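What follows is each chain in one-letter form.
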Amino acid sequence: MISDFTFYLPVKILFGAGKFDMAGEEAANLGKKAFIVTGRRSAERSGLLARLTELLKRNNIEWAHFNGVAPNPTNIIVDTGAELARKEKCDFVIGLGGGSVIDTAKSIALSAKSTLPIWRHVAFWESDYVVPEDALPIMAIETLAGTGSESDNIAVLTNEKTGEKPGYTSPLLFPKVSIVDPELTVQVPAGMTAITGFDILCHTFEGYVSKISNPVSSVLNLKAIELVKEYLPAAVRDGKNMEARTNLAFANILAGFSLTHCRATLLHAMEHPVSGHFNVTHAEGLAALMPEWLKFSWAGNVEAFKAVGRIFGLPEDKNTAGSLIQRIKEFLKGIGLDVTLSGLGVNRDGFEEMAEESLRYMGGGVSNNPVIATKEQIVGLLNRSM
Ligand SMILES: [Fe+2]
């Protein structure tokens, strides 16, 4: 029996090798002056920025460039960018880069229009939170398959002062157009491919077992998990393997669909405070926490976890939480991500506070999890992941 569902995804996605060349024509439908958002140097070094501005020029589109995005982008970076976008009178935003760049571009699109500091639109748990009402149109050009940001209505920002790192949502955060050209991901180094690819696995795995999964997301998530399991090790081994790159880029789009509808679960809810407070990449945090999360959550959705176990090659009589954890650890080892929280330099001092943060600004993830965790249980999971 198919259960009732709503599925809404208003993003025009251009997928395939060479689709980057369509950026100028597509941009012409969005506005007359683009605010191009990139990381510090990579878009310049790779020549993609020059290619993009040439495509814009051919379509009589002006631009201003903001290259202030760093990993784990902050509210201050967004505010700085939004001020410049207003000053330059840009009427749409292009994010050219990985998830951090696209999330920053999305947030700048909101803040440039509302003129408020972005945190007012992010911190939904604070009394001065303001629901955003409008945003500049957004184009996302993905150069790194990882966050699903090109096909979802979410952005993740870190508060520079407090270390809070929520994901926040708004229908205004859907890009109008996303260009997913797997050729752009060929230059991504092996280590970065591994961490971003593992994030795709988590988004789709968590979406699949989530309490709010739906019949469409379940089909898509199962396929995406299969693709990451098969192609991530190949892409890490050989970055020029276009079959692997293309399948990962596709899986990442499916992950964005999943995040839009199923959100994340406790795994992401526990991880955000970790990379918010420590110098840890998001996917390293996820990798360290996954075994304990899986063990804790298995009983809440046994059938879904077993389906993932089958993808990881477990026969029916050995399809248990313990065996799947073992298989995932082997998988992580194969891509160089076999880590623990203590190995990543995380210390126990802040666990109480971090568990509170999980419940405060990642509470949606906690409540979507197959088994709901209390604060004490989250502290226990963090401790056992050391
Ligand atoms: Fe993630």
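Per chain, residues are indexed from 1 in the order of the written sequence. Restriction of local features to residues with pLDDT of at least 70 applies here, the model being predicted, together with a cutoff of 80 or more for giving and counting side-chain atom pairs; totals for whole chains, interfaces and linings are based on all residues.

A word on the overall build of the protein chain. The secondary structure content of the protein chain amounts to 16 helices and eight strands. In summary, the protein chain has a C-alpha radius of gyration of 20 Å against a globular reference of 21 Å for 386 residues, a match within 12%. C-alpha atoms of the protein chain, sized along the principal axes, occupy 65 × 45 × 45 Å. Exposure classes come from backbone-placed C-beta atoms, where a residue is buried if 20 or more other C-beta atoms lie within 10 Å of its own, exposed if 12 or fewer do, and partly exposed in between. Buried residues in the protein chain amount to 54% of all 386 residues. Strands here mean DSSP runs of E at least two residues long; helices mean DSSP runs of H or I at least four residues long; both are numbered from the N terminus. Here the radius of gyration uses the C-alpha set of atoms, whereas the globule reference equals 2.2 Å times the residue count to the power 0.38.

As assigned here, the protein chain comprises domain 1 (12–185) and domain 2 (196–384). An automatic or database domain assignment provides the domain bounds reported here. Here the C-alpha centre of domain 2 lies 26 Å away from the C-alpha centre of domain 1. The interface is formed by 24 residues belonging to domain 1 together with 26 residues belonging to domain 2. Under the scheme applied, nonpolar residues are Ala, Val, Leu, Ile, Met, Phe, Trp, Tyr, Cys and Pro; charged residues are Asp, Glu, Lys and Arg; polar residues are all the others, including Gly. Looking at the side of domain 1 that touches domain 2 residue by residue, the class counts come to nine nonpolar, 11 polar and four charged. By the convention adopted here, residues are in contact when the distance between their C-beta atoms, placed from the backbone, does not exceed 7 Å.

Further remarks concern the environment of Ser170. Looking at the secondary structure, you find Ser170 in the loop between strand S7 (167–169) and strand S8 (177–180). Using a count of 19 C-beta atoms within 10 Å as the deciding quantity, one classes Ser170 as partly exposed. Sequence-wise, Ser170 and His121 are 49 residues apart; in three dimensions their C-alpha atoms are separated by 9.3 Å. Here Ser170 is in contact with Pro132 and Asn153, once residues within four sequence places are set aside.

Side chains of S8 alternate between two faces, with Val177 and Ile179 and Ser178 and Val180 buried alike. Strands pair, by our definition, only if DSSP identifies at least two bridges between them. Judged from the four bridges that link them, strand S1 (residues 12–15) and S8 form a sheet pairing that is parallel. Its bridge partner lying in S8, Lys12 is registered against Val177. Sheet topology note: the strand S5 (residues 138–142)/S8 ladder contains four bridges and is parallel. Directly across from Glu142, in S8, lies its bridge partner Val180.

Take the environment of Thr340 next. Tracing the backbone through its elements, the reader meets Thr340 in the loop between helix H13 (321–334) and helix H14 (351–361). Along the sequence, Thr340 and Ala288 sit 52 residues apart, while their C-alpha atoms lie 4.5 Å from each other. With near-sequence residues (within four places) excluded, Thr340 lies in contact with Ala288, Ser385 and Met386.

For the rest of this paragraph, the subject is the nonpolar core. Each nonpolar core comprises buried Ala, Val, Leu, Ile, Met, Phe, Trp, Tyr and Cys residues, the members being joined through C-beta atoms within 7 Å. Within the largest apolar cluster, 120 residues are counted, with the highest numbers of intra-cluster contacts made by Val37 and Val93. Broken down by element, the residue count for this core peaks at 10 residues, all from helix H8 (residues 215–237). Residues from two domains meet in this core; each of domain 1 (12–185) and domain 2 (196–384) gives at least three.

Moving on, we come to the sheet that holds S1. With parallel pairing, the six strands of this open sheet are ordered in space as S1-S8-S5-S4-S2-S3. Where the open sheet ends on each side, the last strands, each with one partner, are S1 and strand S3 (62–69). Recorded for the sheet is a direction-independent mean angle of 15° between the axes of neighbouring strands. Comment: axis = line fitted to C-alpha atoms, over the contacting stretch for helices; angle = value between 0 and 180 degrees taken between N-to-C directions.

Moving on, we come to the environment of Ala299. Relative to the assigned elements, Ala299 resides in the loop between helix H11 (282–297) and helix H12 (302–311). Residue Ala299 is classed as exposed on the basis of its 11 C-beta neighbours within 10 Å. Taking the C-alpha atoms as reference points, Ala299 and Ala244, 55 residues apart in sequence, are found 33 Å from one another.

Restricting attention to buried positions, one finds in H14 the residues Phe351, Met354, Ala355, Glu357, Ser358 and Tyr361. Looking straight down H14, one finds that the buried residues subtend no more than 160° of arc, so they occupy a single side. Elements that come into contact with the buried residues of H14 comprise helix H10 (266–277), helix H15 (363–368) and helix H16 (375–384). In this context, the arc is that of the directions from the helix axis out to the C-beta atoms.

We now examine H12. Within H12 the residues assigned to the buried category are Ala304, Phe305, Val308 and Gly309. One face of H12 carries all of its buried residues, which in axial projection span an arc of 150°. Directly after H12, the chain includes Gly313, whose backbone phi takes a positive value near 80°.

Running from N to C, H11 and H13 cross one another at 170°; their axes reach a closest spacing of 9 Å. Relative to H13, the element H11 lies roughly antiparallel. Contacts between H11 and H13 pair Ala287, Met290, Pro291, Leu294 and Lys295 from the former with Ala321, Leu324, Ile325, Ile328, Lys329 and Leu332 from the latter. Looking at side-chain class alone, the contact of H11 with H13 contains nine nonpolar, no polar and two charged residues. Working rule for angles: under 35 degrees goes down as roughly parallel, over 145 as roughly antiparallel, 65 to 115 as roughly perpendicular, anything else as oblique.

Another aspect to go through is the packing of H10 against H14. In contact at an axis separation of 8 Å, H10 and H14 are set at 125° when each is read in the N-to-C sense. Relative to H14, the element H10 is oriented oblique. Of the two elements, H10 crosses H14, and the hand of that crossing is right-handed. Note on element contacts: H14 touches H10 through Met354, Glu357 and Ser358, opposite Ala269, Met270, Pro273, Val274 and His277. Here is the rule for handedness: rotate from the far helix to the near one, and if that takes an anticlockwise turn smaller than a right angle the crossing is left-handed, while a clockwise turn gives right-handed.

Turning our eyes to something else, we now look at unusual backbone geometry. One non-glycine residue, Lys89, adopts positive backbone phi at about 55°. Among the secondary structure elements, Lys89 is positioned in the loop between helix H4 (75–87) and strand S4 (92–97). We classify Lys89 as exposed; it has 11 C-beta atoms within 10 Å. In this model, Arg263 sits at a positive phi of 55°, which is unusual for a non-glycine residue. By the secondary structure assignment, Arg263 is in the loop between helix H9 (242–262) and H10.

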